[in-house]
Amino acid sequence: MKILFASKNKNKFKEIKEIFKDSKFEIIFDDDFEDVIEDKDTILGNAQKKSEEIFLKHYIPVLSDDSGLFVEALGNLPGVSTARYAGENASDQENIEKMLKNLSNEENRKAFFKTVIYFFDGEIRLDTEGTLNGQITMTPRGNNGFGYDPIFEIDGSTLAELSFEEKTNISHRKIAAKKMCDLLTDTFSE
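From a predicted model like this one, the values you see are computed outputs, not experimental measurements.

**Student:** What am I meant to see in helix α3 (residues 92-102) here?
**Tutor:** For the α-helix, the turn length of 3.6 residues means that residues three or four positions removed from each other point alike. Those residues of α3 that fall on the buried side of the exposure criterion are Asn-95, Ile-96, Met-99 and Leu-100. When α3 is viewed along its axis, its buried side chains cluster within an angular range of 130° and face the same direction. Buried residues in α3 make contact with β3 (62-71), β4 (77-79) and β6 (125-136).

**Student:** What am I meant to see in the packing of helix α1 (residues 10-20) against helix α5 (residues 172-187) here?
**Tutor:** Describing two packed helices takes the angle between their axes plus the distance from one axis to the other. As a packed pair, α1 and α5 sit with axes 9 Å apart at the nearest point and diverge in direction by 45°. With respect to each other, α1 and α5 are oriented oblique. As for the relative orientation of α1 and α5, their crossing is right-handed in sense. The segment α1 lies against α5, with Lys-12, Glu-15, Ile-16, Ile-19 and Phe-20 engaging Arg-173, Lys-174, Ala-177, Lys-178, Met-180, Cys-181 and Leu-184. Here the contact of α1 with α5 is built from residues that sort into 7 nonpolar, no polar and 5 charged.

**Student:** What is the right way to read the environment of Thr-137 from this model?
**Tutor:** Here Thr-137 lies in the loop between β6 and β7 (152-154). If near-sequence neighbours (up to four positions away) are discounted, Thr-137 is found in contact with Leu-100, Arg-109, Pro-150, Ile-151, Glu-153 and Thr-158.

**Student:** Please clarify how helix α2 (residues 43-58) should be interpreted in this entry.
**Tutor:** Along its 16 residues, α2 runs 23 Å from first to last C-alpha, staying within 8% of the 22 Å computed at 1.5 Å per residue. Within α2, the full set of buried residues consists of Ile-43, Gly-45, Asn-46, Ala-47, Lys-49, Lys-50, Ser-51, Ile-54 and Phe-55. Looking at the buried side of α2, the elements it contacts are β1 (2-5), β3 and β5 (110-120). Of the residues flanking the end of α2, it is Tyr-59, one or two places downstream, whose phi is positive at about 50°.

Quick notes on the rules
- The residue numbering used here restarts from 1 in each chain and proceeds along that chain's sequence as written.
- Thresholds applied to this predicted model are a pLDDT of at least 70 for local features of residues and 80 or more for the giving and counting of side-chain atom pairs; totals over whole chains, interfaces and linings are not thresholded and use all residues.
- No hydrogens and no water enter the side-chain calculation; it runs on all heavy atoms of the structure.
- Working definition: with a 1.4 Å probe on protein chains only, accessible area under 20% of the residue-type maximum means buried, over 50% means exposed, and in between means partly exposed.
- Secondary structure elements follow DSSP: runs of H or I of four or more residues count as helices, runs of E of two or more count as strands, with numbering from the N terminus.
- For this quantity, the arc is that covered by the directions from the helix axis to the C-beta atoms.
- Note on contacts: a residue pair qualifies if any of its non-hydrogen atoms lie within 4.5 Å across the two residues.
- For helices, the axis comes from a line fit to the C-alpha atoms of the stretch in contact; other axes are also lines fit to C-alpha atoms, and the angle between any two N-to-C directions lies between 0 and 180 degrees.
- Our angle categories are set so that under 35 degrees counts as roughly parallel, over 145 as roughly antiparallel, 65 to 115 as roughly perpendicular, and the remainder as oblique.
- A clockwise turn of the near helix away from the far one marks a right-handed crossing, whereas an anticlockwise turn of less than a right angle marks a left-handed crossing.
- Gly is placed with the polar residues, together with every amino acid not listed as nonpolar (Ala, Val, Leu, Ile, Met, Phe, Trp, Tyr, Cys and Pro) or charged (Asp, Glu, Lys and Arg).
- A helix's residues, less one, multiplied by 1.5 Å, set its expected span.

What follows is the structure, given as structure tokens:
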């Protein structure tokens, strides 16, 4: 079964494709499809909206994801607004700078990433989630990854200090994608 991954983010696609590589599902990518406005108040709501809208335009099974960074000292912000934390068109650097500024007087740096993956094929709706616990560093470290990876630390290293393979092996997206792969396998076993 071919499943369209509803994202323009090639890094996310690379992670998802790797996780599904030994399954009976072929994850395909097309960064030419239209943007879906993420205006729901949960990451599950945004993932669901993306899957449904893209399905209705392409009529192919769709996998979508939405992720958020939840920081305890900030009341679990930025959460659903993670990509837009410093503004609608903020860069990763601007988001990181705002995060570090807002945490400058905080001792509690606990945070977690959460990813929700949603599947829709016109009839069947499935969703899974994965979380990764860590903490926000005082300064960025590392040159790999994207988003908040340079300031999200787990076991002494930021995600940006890990190789792609090391990060993929522990990521919140991998946890959610592995659960989805298993769920799809069970759902479509014949």
